[in-house]
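What follows is each chain in one-letter form.
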Amino acid sequence: MPIMRAAFASRFDDADPLAALTVGDQPEPSLPDDDWVSLRVTASSLNHHDLWSLRGVGLRADQLPMILGCDAVGIDPDGNEVVVYPVVPTPGDPRGMSILSEHFPGTLAERVAVPRWNLLPLPAGLAATDAACLPTAWLTAWRMLTTKGRVAEAEAVLVQGAGGGVATAAVALAAAMGKRVYATSRDAAKRERIAGLGATAVEPGARLPERVDVVIETVGAATFDHSLKSAAAGARIVVSGATAGHEPKVNLRRVFAMQLEILGTSMGTPADLADLLAFCAERDVRPVVDSVVPFSRVEEAFARLHSGDVFGKVVVDHTA
Ligand SMILES: NC(=O)c1ccc[n+]([C@@H]2O[C@H](COP(=O)([O-])OP(=O)(O)OC[C@H]3O[C@@H](n4cnc5c(N)ncnc54)[C@H](OP(=O)(O)O)[C@@H]3O)[C@@H](O)[C@H]2O)c1
């Protein structure tokens, strides 16, 4: 079987996920059936999901080694440059599907295998390193705002933990949609940069000048009470992650008295990704990129994400 370079989880380490990362040779991915194709990856990006995987969240020991990475842009067998939709049908999984790197090998490698229907054309004018940010974090933010948050009916949006990949996406998208955007971040330098994206940046927990109609929550326990307090009557609090703990204390009186909707969401549909790609191309919206690291130094990309000191997406260039 042909061999390729890949970044993979060789074991789990909850305390020190970087210690569980190996960069080395792995077999090229096999094609489960005729509907799958193998792509040459040209760009990928990291997500918090990759750190969860190294910690052992969502993976079993008998699945190791598992190639990491959910996001990719690549060249298909016909030579077309394509964006990969990362959710694949997965018989045996209770959800009936999984994200690349959960059951099937991920994108942080020379090649990745996916069903043909998971490929979308790379829009003209969008660089591969930008498009590689969109399929997970940006898709999640897009669905949080549109389908779940019904942002079209909203005037003001709050984004918690605004330095993260999903959160910077939500700020940039909501601002491009013409909404008033508030964003919290623990870090003064990040607050300054968030303001540059069109948001009013505040410290976590700070009282906002108005209540908001949509809250974008990926932080969890550390910010949830502030999300509840900042929500206007009938607001949607949309949750897609809980980086700082998934068991917040919830004031239910506020939930029913203010008629709040707390909505969970995960990723988005292929149609959502097509809409997001078109929105970015047409409105000239580009992902917030923290750094672009060549694949030969992919360990540095992981260290950067793990440091928590990121602003936007950490991208991996597989052509450098
Ligand atoms: N369900 C889905 O489909 C889906 C998709 C993508 C991501 N996610 C989840 O969403 C979460 C964010 O993902 P990501 O890739 O955007 O992660 P990320 O880039 O690592 O960002 C995480 C952000 O959370 C904030 N944060 C972390 N710990 C905090 C704390 N103790 N108090 C306050 N803020 C804290 C930080 O913001 P500041 O430094 O600015 O305060 C940080 O930048 C993860 O839990 C991930 O698993 C879910």
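Residues numbered from 1 in each chain as written. Predicted model: local features only at pLDDT ≥ 70, side-chain atom pairs only at ≥ 80, totals over all residues. Heavy atoms only, no water.

An unreviewed UniProt entry annotates the chain as Zn-dependent oxidoreductase of Micromonospora zingiberis.

Caption draft 1: Seen up close, the sheet that holds strand 4 (residues 66-67). Reading across from one edge, 2-1-4 is the order of the 3 strands in this open sheet, with antiparallel pairing throughout. On the outer flanks of this sheet lie strand 2 (21-27) and strand 4, each paired with one strand and no other. Contacting strand 1 (3-9) and strand 2, helix 9 (residues 298-307) runs over the sheet at an angle of about 140 degrees to strand 2. (Pairing = 2+ DSSP bridges. Helix = DSSP H or I, 4+ residues; strand = E, 2+ residues; numbered from the N terminus. Contact = heavy atoms within 4.5 Å. Axes fitted to C-alpha atoms, helices over the stretch in contact; angles between N-to-C directions.)

Caption draft 2: Highlighting the site of the ligand. Close to the ligand lie 25 residues, the nearest being H48, S185, K190, S240 and M267. In this structure, an oxygen atom belonging to the ligand sits 3.2 Å away from a main-chain N or O atom of G161. Within the backbone of V166, one N or O atom sits 2.8 Å away from an oxygen atom of the ligand. Protein coverage of the free-state accessible area of the ligand, which is 910 Å², stands at 87%. Sorting the residues of the shell around the ligand by element identifies helix 1 (48-55), helix 3 (134-148) and helix 4 (165-176) as the ones contributing at least two each. Looking at side-chain class alone, the shell around the ligand contains 9 nonpolar, 14 polar and 2 charged residues. There are two domains that each give the shell around the ligand at least three residues, and those are domain 1 (3-132 + 287-317) and domain 2 (136-264). (Near = heavy atom within 4 Å. Polar contact = N/O pair within 3.5 Å; in protein donor to acceptor, adjacent residues only side chain to side chain. Areas by Shrake-Rupley, 256 points an atom, 1.4 Å probe, with all protein chains shown as cover. Nonpolar A, V, L, I, M, F, W, Y, C, P; charged D, E, K, R; others polar. Domains from an automatic or database assignment.)

Caption draft 3: Representation of helix 8 (residues 270-283) within the structure. With 14 residues, helix 8 should reach 20 Å at 1.5 Å per residue; the first-to-last C-alpha distance of 20 Å fits that figure. Within the span of helix 8, buried status applies to D272, L273, L276, L277, F279 and C280. Taken end-on, helix 8 shows its buried residues confined to a sector of 160 degrees, consistent with a single buried face. On the buried face of helix 8, the contacting elements are strand 6 (81-84), strand 10 (119-121), helix 3 and helix 4. Residue D284 follows helix 8 closely and has a positive phi angle near 60 degrees. (Expected span 1.5 Å × (residues − 1). Buried < 20%, exposed > 50% of the residue type's maximum accessible area, 1.4 Å probe, protein only. Arc of directions from axis to C-beta.)

Caption draft 4: View of a nonpolar patch on the surface. On the surface, V250, L252, F256 and I262 cluster together into a nonpolar patch covering about 390 Å² of accessible area. Topologically, L252 is positioned in helix 7 (residues 252-257). (Patch = residues over 30% accessible without salt bridge, like charges linked within 9 Å, V, L, I, M, F, W, Y side chains within 5 Å. Salt bridge = Lys/Arg side-chain N within 4 Å of Asp/Glu carboxyl O.)

Caption draft 5: Molecular detail of the pairing of strand 9 (residues 111-115). For strand 9, a buried count of 4 out of 5 residues is recorded, marking the element as mostly surrounded by other parts of the structure. Examined bridge by bridge, strand 3 (residues 36-45) and strand 9 share 5 bridges and lie antiparallel to one another. Paired with R40 across the bridge in strand 9 is R111.

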